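# Reading the structure
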Amino acid sequence: MITDRKKWFFKGMRDGIPIMLGYFAVSIALGISARNAGMTAPQATIASALIMASAGQYIGFTLIAAGASYLEVVVMEAIANARYLLMSCALSQKVDSDLPLRHRLLMGLWITDEIFGVSVSVEGRLNPYYNYGMAAVATPGWALGTLMGVVLGNVLPVRVVSALSVGLFGMFMSIFVPPARKNRIIAALVVVSFAASYAFNAISAFDGISSGMKIILLTVVISLGAALLFPVEREADHAA
């Protein structure tokens, strides 16, 4: 039993190395964003080690920089990270039904887009120690990259820091550009999101709304409108 756990753990570590390298590179830009929000290196590093959510952390740092309230941060984080609930449900179907709760909680803590993608592709039942192995490698990469970003943001000239900050926007562009090229609806929603965000900041009537609340309102309204106007058909619907 112990030998089997070790095998899965080391296999997870091996498969987690590419994830760790990618995390380290991306989280440097995230660390610069945390530094710009006024966070110290230990604060940003701990946040990355506990959260490990690029979009969620970026939104959180943006809200902190905008002076948002705790409630605004909590609501927006819940919206930004809601997809992990679905990922957890999917992975729960791959583990043994009698898997102890402590293992389920630990697996849920370390679910990220990349770890989920690798885990769900494992043939047969998923051993929790496989996830632990990936997390043992990927988490330090994400946290150390964030730490490096804060340190670089503190020692490099302002112009260089501003240039490096663009890297995080590049990361987000790499997330929505590929699906937008394949789907005209997604492309249109991206344009609508940009236009609405600009309007909210340019129109004086919205000056009384905090930056954090503007982000929440735009996210909820645009997402809800897209879901109502362009519902995604289920496979069962196609089969019928």
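Just so you know, these numbers come straight off a predicted model, no measurement behind them.

The rules we used
- Residues numbered from 1 in each chain as written.
- Predicted model: local features only at pLDDT ≥ 70, side-chain atom pairs only at ≥ 80, totals over all residues.
- Heavy atoms only, no water.
- pLDDT = per-residue confidence, 0-100.
- Contact = heavy atoms within 4.5 Å.
- Phe/Tyr/Trp six-rings, centres within 6.5 Å; stacked < 30°, edge-to-face > 60°.
- Helix = DSSP H or I, 4+ residues; strand = E, 2+ residues; numbered from the N terminus.
- Buried < 20%, exposed > 50% of the residue type's maximum accessible area, 1.4 Å probe, protein only.
- Axes fitted to C-alpha atoms, helices over the stretch in contact; angles between N-to-C directions.
- Parallel < 35°, antiparallel > 145°, perpendicular 65-115°, else oblique.
- Left-handed = near helix turned anticlockwise from the far one by under 90°.
- Nonpolar A, V, L, I, M, F, W, Y, C, P; charged D, E, K, R; others polar.
- Patch = residues over 30% accessible without salt bridge, like charges linked within 9 Å, V, L, I, M, F, W, Y side chains within 5 Å.
- Areas by Shrake-Rupley, 256 points an atom, 1.4 Å probe, with all protein chains shown as cover.
- Salt bridge = Lys/Arg side-chain N within 4 Å of Asp/Glu carboxyl O.

## Overview of the confidence of the model for the protein chain
Model confidence for the protein chain is summarised by a mean pLDDT of 81, while 85% of its residues fall at 70 or above. Of the regions scoring below 50 in pLDDT, residues 235-240 engages in one contact with residues more than four places distant in sequence or in other chains.

## A look at the packing of aromatic side chains
Here the distance between the centres and the angle between the planes together describe a pair of aromatic rings. Summed over the entire model, instances satisfying the criterion amount to five aromatic pairs. For the ring pair Trp8 and Tyr130, a centre distance of 5.7 Å and an interplane angle of 85° mean the geometry is edge-to-face. Residue Trp8 is found in helix H1 (residues 2-36), and its partner Tyr130 is found in helix H8 (residues 128-155); the two are separated by 122 residues along the sequence. Side by side, Trp8 and Tyr130 carry an identical accessibility label, which is buried. Between Tyr23 and Trp142, the ring centres sit 5.1 Å apart and the planes meet at 70°, which makes this aromatic pair edge-to-face. Highlighted residues: Tyr23 in helix H1 and Trp142 in helix H8, separated in sequence by 119 residues. One aromatic cluster in this structure is built from Trp110, Tyr129 and Tyr132.

## Looking at the packing of helix H7 (residues 113-120) against H8
Running from N to C, H7 and H8 cross one another at 150°; their axes reach a closest spacing of 11 Å. Taken as axis vectors, H7 and H8 run roughly antiparallel relative to one another. Considering the relative orientation of H7 and H8, their crossing is right-handed. Counting all contacts with H7, which are made through Ile115, Val118 and Ser119, the residues of H8 involved are Tyr130, Asn131, Met134, Ala135 and Ala138. Of the residues assigned to the contact of H7 with H8, the class counts are six nonpolar, two polar and no charged.

## Notes on the environment of Ala44
In this structure, Ala44 sits in helix H2 (residues 41-51). Each C-alpha atom of the pair Ala44 and Gly149 lies 9.4 Å from the other, and the pair is 105 residues apart in sequence. Residues within four places of Ala44 in sequence aside, it is in contact with Ala34, Met39, Thr146 and Val150.

## Notes on a nonpolar patch on the surface
A surface patch of nonpolar side chains, about 520 Å² in accessible area, is lined by Ile185, Leu224, Leu228, Leu229 and Phe230. Counting residues per element, the nonpolar patch draws most heavily on helix H11 (residues 211-229), at three residues. With relative accessibility at 64%, the residue Leu228 sits in the exposed group.

## Things to note about unusual backbone geometry
You will see that Met52, though not glycine, has its phi angle at about 50°, which is positive. Along the chain, Met52 falls in the loop between H2 and helix H3 (54-65). The class of Met52 is buried, set by a relative accessible area of 5%.

## What about the environment of Val177?
Take Val177: it is sitting in helix H9 (residues 158-182). A sequence separation of ten residues divides Val177 from Ala187, and the C-alpha atoms of the two residues are 7.9 Å apart.

## Section: the pattern of salt bridges
Counting across every chain of the model gives four salt bridges. A salt bridge links Asp96 to Arg125, with the shortest nitrogen-to-oxygen separation between them at 4.0 Å. Here the residue Asp96 occupies a position in the loop between helix H5 (83-92) and helix H6 (101-109), and Arg125 occupies one in the loop between H7 and H8, the gap between them amounting to 29 residues. Its relative accessible area of 41% is what places Asp96 among the partly exposed residues. Connected via shared salt-bridge partners are Lys11, Arg14 and Asp15.

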